[in-house]
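Okay, here's what each chain looks like letter by letter:
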Amino acid sequence: MVMREKKRMIQNFEIIHSLQIGAREVVVGISPEQEFMCCFCTQDDIAEYYSEAMSSNDYLEIMELYADRVKGQIAAVQAQRRTLHIPLDMLGREHCFPLLNGDDITGKVVAVKPASLRYEYQRADCQLFLVTGGSGARANSRGTSVYGVNVFTGRRAGRWERSDILGEVRPECLPQWAKDHLRTIERKQTLEKKRGSR
């Protein structure tokens, strides 16, 4: 028996085109009445959210809107990249200690494998994070989830799989900007601990 792939739907529109660039995905759908729709989609751990939906009976009109919105997302990522002011070169295996099953990486700065990042985010500011927890951070764990703080932004880095991680970054390979940002993160964590102990 052949398993049919589940259709992705937004209300009564079946999604026929989609492209994720940066923080938002641009999607196009078609209804049973042959009406076309284009909107933005964002996701979190709980659900998908749709915004700025436009519909038309003219496919080419919707595809023009789709192309314009994709271009807008590209421009937003390019603008973001121009504000970084750090070298964007990513670290490779040679810059990291190999990640072994017996390694506990909690409290370590790790590098995400470039292939685990979306193409537009394959750059240094998205690759490095300070591990704060998760079952996959512990040695010889059956769990795989790893959580941490993005070294560049100082904000939560989301959830990664242990298999997404190249390894702990060798101290001599850590860029200077990352060392500076880590000091800020560590000061913030120390202050939060002091507040919590009052």
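Up top you'll find the structure we're talking about.
One structure accompanies this document, and this report is about it. (Residues numbered from 1 in each chain as written. Predicted model: local features only at pLDDT ≥ 70, side-chain atom pairs only at ≥ 80, totals over all residues. Heavy atoms only, no water.)

## A word on the packing of aromatic side chains
Two descriptors summarise a pair of aromatic rings, namely the distance from one centre to the other and the angle between the planes of the rings. Just so we agree on the cut-off: Whether two aromatic rings pair depends on their centres lying within 6.5 Å, for rings of Phe, Tyr and Trp, where Trp uses its six-membered ring; planes under 30 degrees apart make the pair stacked, over 60 edge-to-face, and the rest tilted. Strands here are runs of E lasting at least two residues and helices are runs of H or I lasting at least four, both read from the DSSP assignment and numbered beginning at the N terminus. Relative accessibility thresholds used throughout: buried, under 20% of the residue-type maximum; exposed, over 50%; partly exposed, between the two (1.4 Å probe, protein chains only).
One pass over the structure, following the stated rule, counts three aromatic pairs. Taken together, a centroid distance of 6.3 Å and an interplanar angle of 20° make the contact between Phe129 and Trp160 stacked. Here Trp160 lies in strand 10 (residues 156-161) and Phe129 lies in strand 8 (residues 128-133), a separation of 31 residues in the sequence. Side by side, Phe129 and Trp160 carry an identical accessibility label, which is buried. With centroids separated by 5.7 Å and ring planes inclined at 75°, the aromatic side chains of Phe152 and Trp177 adopt a geometry described as edge-to-face.

## Brief notes about the pairing of strand 11 (residues 165-169)
Quick reminder of the rule: Two strands pair if DSSP finds at least two bridges between them.
Taking burial as the measure, the five residues of strand 11 include four buried ones, the bulk of the element. Here strand 6 (residues 96-98) pairs with strand 11 via three bridges, running antiparallel. In the sheet register, Cys96 faces strand 11, and the bridge partner there is Val169. In the sheet, strand 7 (residues 109-112) pairs with strand 11 via three bridges, with the strands oriented antiparallel. If you follow Val112 over to strand 11, its bridge partner there is Ile165.

## What about the side chain of Asp125?
Rules: Contacts are assigned to residue pairs with any non-hydrogen atoms lying within 4.5 Å of each other.
Here Asp125 shows up in helix 2 (residues 124-127). Among the residues examined, Asp125 registers a relative accessible area of 6% and is labelled buried. Apart from residues no more than four positions distant in its own chain, Asp125 is found in contact with Leu84, Ile86, Leu88, Asn150, Phe152 and Trp177.

## Points about the sheet that holds strand 10
Here is the rule: Geometry is summarised by axes, namely lines fitted to C-alpha atoms with helices restricted to the contacting stretch, and by angles between N-to-C directions that run from 0 to 180 degrees.
With respect to topology, six strands assemble into an open sheet ordered 6-11-7-8-9-10, the strand pairing being antiparallel. Only two strands of the sheet have a single neighbouring strand rather than two, namely strand 6 and strand 10. Between one strand axis and the next, the sheet turns by 45° as a mean value, whatever way the strands run. For strand 8 and strand 9 (residues 145-150), the ladder comprises four bridges, and the chain directions are antiparallel. The residue of strand 9 that forms the bridge with Leu130 is Val149. In the packing of helix 3 (residues 176-196) onto the sheet, contacts are made with strand 7, strand 8 and strand 9, and the angle to strand 8 comes to roughly 25°.

## Observations concerning unusual backbone geometry
Despite not being glycine, Glu52 shows a phi value in the positive range, around 50°. Take Glu52: its relative accessible area is 46%, and that puts it in the partly exposed class. One non-glycine residue, His85, adopts positive backbone phi at about 55°. Inspection of the secondary structure puts His85 in the loop between helix 1 (59-82) and strand 6.

## Section: the layout of surface pockets
Basically, it comes down to this: Here a cavity is any set of points on a 1 Å grid over the protein atoms alone where a 1.4 Å probe fits but cannot get out, and a pocket is any open set with protein on both sides within 12 Å along at least 5 of 7 lines; a residue lines the site when it has an atom within 4 Å of a point. Grid points are joined across faces, edges and corners, and a volume is the space filled by probe spheres set on the points.
The volume enclosed by the largest pocket comes to roughly 1,100 Å³. Examining the composition of the lining of the largest pocket, we find that five residues originate from one element, strand 10, more than from any other.

It is worth stressing that arrangement in space is one thing and function is another; only the former is reported here.
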